[in-house]
Amino acid sequence: MPSPLSKHWSLEPTRIFLNHGSFGACPDFVIAEQRKWQEQMESEPVRFFEDEMPMLLKKAREVLADFLSCSSEDLALVPNATTGVNTVLRSLVFSEDDEILVPDHAYQACRNAIDFVAKRWGATVVTVPIPFPIDGPQTVIDLMLNAATEKTKLVMIDTVTSPTGLRMPFEELTQLFEARGIEVLLDAAHGIGMIPLNLDELGASYVTSNCHKWLCAPKGTAFLHVRQDKQHKIQPLTISHGHTFPLGTTTRFRHEFDWTGTQDISGWCALPKVISGMEDMIEGGWDTIIQHNHHLAIEGRNLICKTLGIEAPCPDSMIACISTLQLPGEQLPFEIMHEPDPLHEILSSKYNIQVPVWSWPSPAGRYLRISAQLYNTIEQYQVLADALKYELNLE
Ligand SMILES: Cc1ncc(COP(=O)(O)O)c(C=O)c1O
C-alpha cells in the first residue's frame, strides 16, 4: 500500500505514516551520508573541526543558497526553526511603544518566544484572528494589514501554519509590510522542500526554515536568512569566539554564526547530498516532488472530506503538502488542547496510522492534519477516512 518510492525510507512497512509535517523522515541515503560525516569527524576530531569544517559548512551554505536563490553570505546554519525565530527576536531591541503583530495560527513555541521578548521590553503583542474555515488568501492579507499601525515594528508570518495547515499569502504580506518599513520574520518551518522559495526576490528581513522537515535532511538542520542590511542587528543565541575575532575579509555576522561551540555538524555536512539525492529520486527532481506532494495532499483531503461528508475548509491554493480538517461529530471540551486526544491513540493502536489529532479554539473543535510525502499513497488516506467514519459514528 505505501508507494514504490517508500523503499528509500526505513519507515515501519505496516505503519501508515501520515505525519511527515511534525519531524520529517529521512531516506536511508541521508542517514548513510550523515553517518559518513560522523565517522570522518570521529576519525580525527581536531583536523575535522579546525581544518575541514569551515569548507564543509561553506559548501552546505552555498548549496542551500543555490536552492533558495540568495547569497550564501546571508545564511546562518541553525539547528531548528525555533532557534531561528528566537535568534531574531532575542537580538532585536524593542520599546514600550512597539507592537509585534502575529496571526493566531502561529506555532505555539514561536508565539511563546514573542510573548517572552515582548514582556521583557514592555512591547505589545497584537494577535490577529484568522478565520478557519477560510475563503481565500485575500482575507488573511486584509486582516493582517488592518491590524498594523504606525507602532508595528515586527510581524511574524508563517509560510504554512502548523495547526491549520494553511499556505499563507506570505509573498504578498512580506512585500506589503516591508514596503511600509515593518520588518517581517518569516517562520518557514514548513518551507524549504515544500514550497518554492526565492529569498532575494521575497525580500523579508528574516527567514528561518527547517531542512529536517520537507527537505528530508537529518534532524537538527535549519537555516536563518538575514537580509544583508539587517545583519548588524542579529547575533546568535550563543556568543562565542566570533564575537572578537579580527574581522579580516569576512563579516561579524559570518564570524559569529559560523562557530557557536562544539556540536555535531554532520547533518549540515550532509545537506549537499540530501538536495542532489532527492533530486535524483524522481524524474523532474524537486519541482516534481513539490507538485506530487501538493496534489496528493489535496487528493487525500478531498477523499477524507467526501467519506466524512464535510466541506474542505480552504481553497486548494491555500494547501501546500499538509492539510487540516475539522472533524465532525461530538466535540470534546476545549481543555483537551493540552492533553493527547484519545482518537490519536485509537488510530495509532487499532489502525496503525500515525496522524496528529488536536483541538483548536476557533471554532472550538477537534482537528486532524494530514501530510503528503513521496512514500504515501492515496489508499492510505482511504484507510484513514474509513477508520474515522467508523470511530466518529458516521456510518
Ligand atoms: C510553523 C512552525 N514553526 C516552528 C516549528 C518548530 O520547528 P522546530 O521544532 O524544528 O524548531 C514548527 C514545527 O512543527 C512549525 O510547524
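Everything below is about the structure printed above this text.
The sections below set out a description of the structure shown in this document.

Definitions and cut-offs
- Residues numbered from 1 in each chain as written.
- Predicted model: local features only at pLDDT ≥ 70, side-chain atom pairs only at ≥ 80, totals over all residues.
- Heavy atoms only, no water.
- Helix = DSSP H or I, 4+ residues; strand = E, 2+ residues; numbered from the N terminus.
- Rg over C-alpha atoms; globule rule 2.2 N^0.38 Å.
- Buried < 20%, exposed > 50% of the residue type's maximum accessible area, 1.4 Å probe, protein only.
- Contact = heavy atoms within 4.5 Å.
- Areas by Shrake-Rupley, 256 points an atom, 1.4 Å probe, with all protein chains shown as cover.
- Expected span 1.5 Å × (residues − 1).
- Arc of directions from axis to C-beta.
- Pairing = 2+ DSSP bridges.
- Axes fitted to C-alpha atoms, helices over the stretch in contact; angles between N-to-C directions.
- Near = heavy atom within 4 Å.
- Polar contact = N/O pair within 3.5 Å; in protein donor to acceptor, adjacent residues only side chain to side chain.

1. Focus on the overall build of the protein
Item 1. The helix and strand tally for the protein stands at 14 helices and 12 strands.
Item 2. For the protein, whose C-alpha radius of gyration is 21 Å, the value lies close to the compact-globule estimate of 21 Å for 395 residues.
Item 3. Taken along the three principal axes of its C-alpha coordinates, the protein extends 70 × 55 × 35 Å.
Item 4. In the protein, which comprises 395 residues, the share counted as buried stands at 56%.
Item 5. The long-range share in the protein, meaning contacts at least 24 apart out of those at least 6 apart in sequence, stands at 71%.
Item 6. About 17000 Å² of surface is accessible on the protein, with carbon and sulfur atoms providing 53% of the total.

2. Re helix α2 (residues 28-43)
Item 1. Look at α2: 22 Å from first C-alpha to last across 16 residues, which is about the 22 Å you get at 1.5 Å a residue.
Item 2. By the burial criterion, the buried members of α2 are Val30, Glu33, Gln34, Trp37 and Met41. Angularly, the buried residues of α2 cover 95° about the axis, an arc narrow enough to put them on a single face. What points out from α2, more than 90 degrees from its buried face, is the exposed set Glu39, Glu42 and Ser43.
Item 3. Of the surrounding elements, those touching the buried residues of α2 are α3 (45-68), α10 (266-269) and α11 (271-281).

3. So, the side chain of Thr208
Item 1. Along the chain, the position of Thr208 falls in strand β7 (residues 206-210).
Item 2. Beyond its immediate chain neighbours, meaning those up to four positions away, Thr208 contacts Val78, Asn80, Ala81, Gly84, Val85, Leu186, Asp187, Ala188, Ala189, Phe223 and Leu224.

4. Comments concerning the sheet that holds β7
Item 1. Spatially, β2-β8-β7-β6-β5-β3-β4 is the arrangement adopted by the seven strands of the open sheet, whose pairing is mixed. Only two strands of the sheet have a single neighbouring strand rather than two, namely β2 (75-78) and β4 (124-128). Neighbour-to-neighbour, the strand axes of this sheet turn through a mean angle of 20°, independent of strand direction.
Item 2. Pairing between β7 and strand β8 (residues 222-226): five bridges, direction antiparallel. Residue pairing for β8: Val207 is matched across the bridge by His225.
Item 3. Running at roughly 115° to β2, α3 makes contact with β2 and β8 of the sheet.
Item 4. Those strands touched by helix α7 (residues 170-179) are β3 (99-103), β5 (152-158) and β6 (183-188), and its axis lies near 170° from that of β5.

5. Here's the deal with unusual backbone geometry
Item 1. Residue Pro133 is bonded to the preceding Phe132 through a cis peptide linkage, with omega at 5°.
Item 2. Even without a glycine there, the phi angle at Asn352 is positive, about 60°.
Item 3. Looking at where Asn352 falls in the secondary structure, it is placed in the loop between α13 (342-351) and β10 (353-354).
Item 4. Phi angles above zero are rare outside glycine, and Asn393 is one such case at about 55°.
Item 5. Mapping Asn393 onto the fold places it in the segment after α14 (378-391).
Item 6. The exposure class assigned to Asn393 is exposed, which follows from its relative accessible area of 67%.

6. Focus: the site of the ligand
Item 1. Near the ligand you find 13 residues, and of these Thr82, Asp187, Asn210, His212 and Lys213 are the closest.
Item 2. Within the contact set of the ligand, an oxygen atom lies 3.3 Å away from a backbone nitrogen or oxygen of Ala81.
Item 3. Within the side chain of Lys213, an N or O atom sits 2.6 Å from an oxygen atom of the ligand.
Item 4. Here the ligand, which alone exposes 390 Å², has 89% of that area covered by the protein.

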